[in-house]
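One-letter residues, chain by chain:
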Amino acid sequence: MGEQKSLLEVSDLRVSYGRIEAVRTLSLKVGAGEFVGVIGSNGAGKSSTMRAIAGSVPPSGGRIEFKGADVTSLPSYEKVARGIAMVPEGRMIFGNQTVRDNLLLGAYTRIGHDKAGVAEDMERALSLFPRLRERLEQLGASLSGGEQQMLAIARGLLSRPKLLVIDELSLGLAPKIIEQIFPILIDLNRQGLAVLLVEQMASYALAVTQRTYVMENGSILLEGPSQELATDRRVLDAYLGRRH
Ligand SMILES: Nc1ncnc2c1ncn2[C@@H]1O[C@H](COP(=O)(O)OP(=O)(O)OP(=O)(O)O)[C@@H](O)[C@H]1O
Ligand SMILES: [Mg+2]
């Protein structure tokens, strides 16, 4: 793991909203093809970190490198073009557009000049999530929460990412749906896609990821192999609901 070349390298990141400092001097790495988790309590700054990585909020300090290039302040469409796709908290599906159009939004940088490639990627995404195929012409708003999450992931895949950033995969979803989606992510990761997953359900995150960062108050409190953190007393007490 330690020998993996870093795909994403975040150093001393700061994110502020006016006077609120949501992230302060946060550093994290994701290796090529790695599956990395981020856990932490509400308001710890997880979403702010992911938004900065994806380019939807500008960092107020620090550096973000992707594939060795400085991408710190690039807007999200340029980060998408370089291979960073984001599944945002709340999924951000367009309710008044069809599932097909929501999916195609993921490919908007290529749609004009690579129709065949986009069709191929669409086919691949639909074979991962067959429920979406049956619903291609339905409006986004008509999908269940689980289907909307599948759509948000599929839309991300349509940009052919090297890194998929997912903010709160399981939020509001039934365990049965969560257990359908995780194996798909694990498969995608085995095929070489790096995944950075923010997950409120720490037990899931620790079970599927290779390494995990624990965030508190805008920075990293702990990090390590997920298997080790799963038995760390501090993690057990704070995030796995164990009492002793
Ligand atoms: N758009 C915003 N404007 C002002 N403050 C914000 C904004 N977004 C987040 N914050 C603040 O920044 C801090 C970190 O929020 P953030 O959403 O990044 O945390 P989080 O770890 O994702 O929390 P949660 O687990 O609830 O999703 C919080 O204090 C929050 O109130
Ligand atoms: Mg959040």
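Structural data are supplied above this passage.
Residues numbered from 1 in each chain as written. Chains lettered and ligands numbered in written order. Predicted model: local features only at pLDDT ≥ 70, side-chain atom pairs only at ≥ 80, totals over all residues. Heavy atoms only, no water.

Draft legend 1. Up close: the overall build of the protein chain. A count of helices and strands for the protein chain gives 10 helices and 10 strands. Computed over its C-alpha atoms, the radius of gyration of the protein chain comes to 17 Å, within 12% of the 18 Å expected for a compact globule of 244 residues. With respect to the principal axes defined by its C-alpha atoms, the protein chain has extents near 50 × 40 × 40 Å. Within the protein chain, the proportion of its 244 residues that are buried is 51%. Of the roughly 11400 Å² of accessible surface on the protein chain, 51% is carried by carbon and sulfur atoms. Taking the average location of the 29 positive side-chain charges in the protein chain and that of its 27 negative ones, the two points are 1 Å from each other. (Helix = DSSP H or I, 4+ residues; strand = E, 2+ residues; numbered from the N terminus. Rg over C-alpha atoms; globule rule 2.2 N^0.38 Å. Buried < 20%, exposed > 50% of the residue type's maximum accessible area, 1.4 Å probe, protein only. Areas by Shrake-Rupley, 256 points an atom, 1.4 Å probe, with all protein chains shown as cover. Lys, Arg positive; Asp, Glu negative; His and termini not counted. Charge placed at Lys NZ, Arg CZ, Asp CG, Glu CD.)

Draft legend 2. Structural view of unusual backbone geometry. Of note in this structure, Thr25 is not a glycine but carries a positive phi near 40 degrees. Turning to its location among the elements, Thr25 is positioned in strand E2 (residues 20-31). With relative accessibility at 41%, the residue Thr25 sits in the partly exposed group. The phi dihedral of Met92 falls on the positive side, at around 55 degrees, and the residue is not glycine. With respect to the helices and strands, the residue Met92 is situated in the loop between strand E6 (84-87) and helix H3 (99-105). Judged by relative accessible area, Met92 falls into the exposed class, the value being 51%.

Draft legend 3. Representation of the coordination of the magnesium ion (ligand 2) in the model. The coordination sphere of the magnesium ion (ligand 2), as far as protein atoms go, consists of Ser47 (OG) and Glu89 (OE), spread over 2.0 to 2.5 Å. With a gap of 42 residues between them, Ser47 in helix H1 (residues 46-54) and Glu89 in the loop between E6 and H3 connect regions that are remote in the sequence. (Donors = N, O, S within 2.8 Å, 3.2 Å for Na, K, Ca; no water.)

Draft legend 4. Summary view of the sheet that holds strand E7 (residues 163-167). Taking strand neighbours across the sheet as the criterion, the six strands line up as E6-E7-E8-E3-E9-E10 in an open arrangement whose pairing is mixed. Looking along the sheet, the strands with just one partner apiece sit at the ends: E6 and strand E10 (219-225). Averaged over all neighbouring strand pairs, the angle between strand axes comes to 15 degrees, with direction disregarded. Summarising the sheet, strand E9 (residues 211-216) and E10 pair through six bridges and their orientation is antiparallel. The residue bridging Thr212 from the neighbouring strand is Gly224, located in E10. Contacts between helix H6 (residues 145-157) and the sheet are confined to E6 and E7, with E6 contributing the most and set at about 170 degrees to the helix. (Pairing = 2+ DSSP bridges. Axes fitted to C-alpha atoms, helices over the stretch in contact; angles between N-to-C directions. Contact = heavy atoms within 4.5 Å.)

Draft legend 5. The arrangement of the site of ligand 1 in detail. What surrounds ligand 1 is a group of 15 residues, the closest being Gly43, Lys46, Ser47, Ser48 and Glu89. Gly43 is positioned with one of its backbone polar atoms (N or O) 2.8 Å from an oxygen atom of ligand 1. Lys46 is positioned such that a nitrogen or oxygen atom in its side chain is 2.7 Å from an oxygen atom of ligand 1. In isolation ligand 1 offers 640 Å² of accessible surface; the protein chains occlude 64% of this area. Only E2 and H1 provide two or more residues apiece to the shell around ligand 1. Examining the composition of the shell around ligand 1, we find that four residues originate from one element, H1, more than from any other. In the shell around ligand 1, the residues fall into four nonpolar, seven polar and four charged. (Near = heavy atom within 4 Å. Polar contact = N/O pair within 3.5 Å; in protein donor to acceptor, adjacent residues only side chain to side chain. Nonpolar A, V, L, I, M, F, W, Y, C, P; charged D, E, K, R; others polar.)

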